[in-house]
Amino acid sequence: MERTTADRRHDDLFEPSLTGRARPRPPEGERPWRLGSQFYVAFFGGVLAVAAIAWVNAGRLGLEPARRRLIPLVALGGLVGVVATVELSGGGEIESSQRILARVIAVATFGVLYAIQNSADRVYHTFLPGDEDEMYDSLWGPGLAATFGLGLVQLGIVAGAVTLL
């Protein structure tokens, strides 16, 4: 019995739309990091640390270059915001209230960087088969390195800028 065009259209309706689009899982060390984990890097390491992690992660996610170039611009805006906040709130030695304001700015910067990476992360998550835990790499090593290394660099930049202003 021959199938009509209407029968074929009806069958297409029930075929999975993502069939054949699954990508192979990247090897360990090349997988992206969870976007939510970058919050901790922002909170403890600051604007530069979270921007560096977001830059590498955007590359791992395959984020288009135009959107990826927004990451350093957002980081620069966040760093200027931290310097301005410290300067406007008294300058001199960096006090507890200034550190809190710097963390608030770093977390806000994380929010913007999260939004930049979110669409690429959803695409990655949708087209990659397998267990959720195996889809992402651990951020512990790179996150700690960025937190301590770039956190100190940011502290030096802020302290130097405040003394110059």
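Residues numbered from 1 in each chain as written. Predicted model: local features only at pLDDT ≥ 70, side-chain atom pairs only at ≥ 80, totals over all residues. Heavy atoms only, no water.

Peer 1: Before we move on, can you summarise the pattern of salt bridges with the specific residues and values?
Peer 2: Enumeration according to the criterion identifies 3 salt bridges in this entry. The closest approach of N and O atoms between D137 and R31, which form a salt bridge, is 4.0 Å. Residue D137 is found in the loop between α7 (132–135) and α8 (140–164), and its partner R31 is found in the loop between α1 (5–13) and α2 (38–45); the two are separated by 106 residues along the sequence. Pair check on accessibility: D137 and R31 agree, each one buried. The closest approach of N and O atoms between R67 and E64, which form a salt bridge, is 3.7 Å. Assessed through its relative accessible area of 28%, R67 is described here as partly exposed. Linked through salt bridges whose partners overlap, the residues forming this network are R31, R60 and D137. (Salt bridge = Lys/Arg side-chain N within 4 Å of Asp/Glu carboxyl O. Helix = DSSP H or I, 4+ residues; strand = E, 2+ residues; numbered from the N terminus. Buried < 20%, exposed > 50% of the residue type's maximum accessible area, 1.4 Å probe, protein only.)

Peer 1: Could you give an account of the packing of aromatic side chains, naming the residues involved and the relevant values?
Peer 2: Summed over all chains, the structure comprises 6 aromatic pairs. Seen in terms of ring centroids, F39 and F43 are 6.1 Å apart; in terms of plane orientation they differ by 20 degrees. Their pairing is stacked. Separated by 4 residues within a single helix, F39 and F43 lie in helix α2, roughly one turn from each other. Judged by relative accessible area, which is 29%, F39 ranks as partly exposed. Connected via pairs of aromatic rings, a cluster forms that spans F39, Y40, F43, F44, F110 and Y114. Over the face of the ring belonging to W33 we find R60, whose NZ or CZ atom lies 4.3 Å from the ring centre. (Phe/Tyr/Trp six-rings, centres within 6.5 Å; stacked < 30°, edge-to-face > 60°. Lys NZ or Arg CZ within 6 Å of the ring centre and 35° of its normal.)

Peer 1: Hey, could you go over helix α5 (residues 70–88) for me, with residue numbers and the actual values?
Peer 2: Helix length check: α5 (19 residues) gives 27 Å between terminal C-alpha atoms against 27 Å at 1.5 Å per residue, within 8%. What α5 keeps buried is the set I71, V74, A75, G78, L79, V82, V83, T85 and V86. Buried residues along α5 sit against α3 (47–61), α4 (65–68), α6 (96–127) and α8. Positioned one or two residues after α5, G90 has a phi angle of 125 degrees, which is positive. (Expected span 1.5 Å × (residues − 1). Contact = heavy atoms within 4.5 Å.)

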